[in-house]
Amino acid sequence: MDLAGLLERTPPPRLRAALAAQLSRLASETRLDTYPEVAEALDRIHRGLPVACDPDGPLDSRMRTLAAEAHATRRLLADGDSAPVSRKDLTAWDARAGAAHALREFLHLPLPVAAATILDQRVSVHWHEELAADLDSA
């Protein structure tokens, strides 16, 4: 699949809808969608409404907290064997922080740039098929 070409050829409204679907799947895969401010943002994205991501607002605060938790988990593991967290914890925090980063890019960057991050973070091995279906139905 020529992903870059496909993204370039897709009209922006269709691309936005397809990437919103991919972003929702990523949020579900990483459990990012369990946070109320993220669930609300995803709902607004799907309805075509603006999403407030103001500095120190609830969504921005959640995204920064997730990044800090991933960083703290990484540091605890680096400090030795007595850490109250595991590599599995780090994997989960990193996945959520990555998904939050993808959401931030979707909100602030051009769609093709955000697409690269969203698709790179996807966990499902079937994301190619899901993207093709999203682009066809959007």
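Quantities reported herein were computed from a predicted structural model and do not represent experimental measurements.

J.: Would you explain the pattern of salt bridges in this entry?
T.: Charged atoms that come close allow side chains of opposite charge to pair. In this structure the tally under the stated criterion is ten salt bridges. Linking Arg-64 and Asp-60 is a salt bridge whose minimum nitrogen-to-oxygen distance equals 2.8 Å. Residue Arg-64 and its partner Asp-60 are located together in helix α4 (residues 58-78), separated by four residues, close to a single helical turn. The partly exposed category is assigned to Arg-64, whose relative accessible area is 39%. For Asp-94, the salt bridge identified is with Arg-74, shortest N-O distance 2.4 Å. Separated by 20 residues along the polypeptide, Asp-94 in helix α5 (residues 87-108) and Arg-74 in helix α4 bring together distant segments of the chain. Among the residues examined, Asp-94 registers a relative accessible area of 29% and is labelled partly exposed. Several salt bridges share partner residues, and in doing so they unite Arg-25, Glu-29, Arg-122, Glu-130 and Asp-134 into one network.

J.: Quick question: what am I supposed to make of the packing of aromatic side chains here?
T.: The relative placement of two aromatic rings is captured by the distance of their centres and the angle of their planes. If you walk through the whole model with that rule in mind, you get zero aromatic pairs. Between Arg-96 and the ring centre of Trp-93, over which it is positioned, the NZ or CZ distance is 4.4 Å.

Rules of the game
- Residues numbered from 1 in each chain as written.
- Predicted model: local features only at pLDDT ≥ 70, side-chain atom pairs only at ≥ 80, totals over all residues.
- Heavy atoms only, no water.
- Salt bridge = Lys/Arg side-chain N within 4 Å of Asp/Glu carboxyl O.
- Helix = DSSP H or I, 4+ residues; strand = E, 2+ residues; numbered from the N terminus.
- Buried < 20%, exposed > 50% of the residue type's maximum accessible area, 1.4 Å probe, protein only.
- Phe/Tyr/Trp six-rings, centres within 6.5 Å; stacked < 30°, edge-to-face > 60°.
- Lys NZ or Arg CZ within 6 Å of the ring centre and 35° of its normal.

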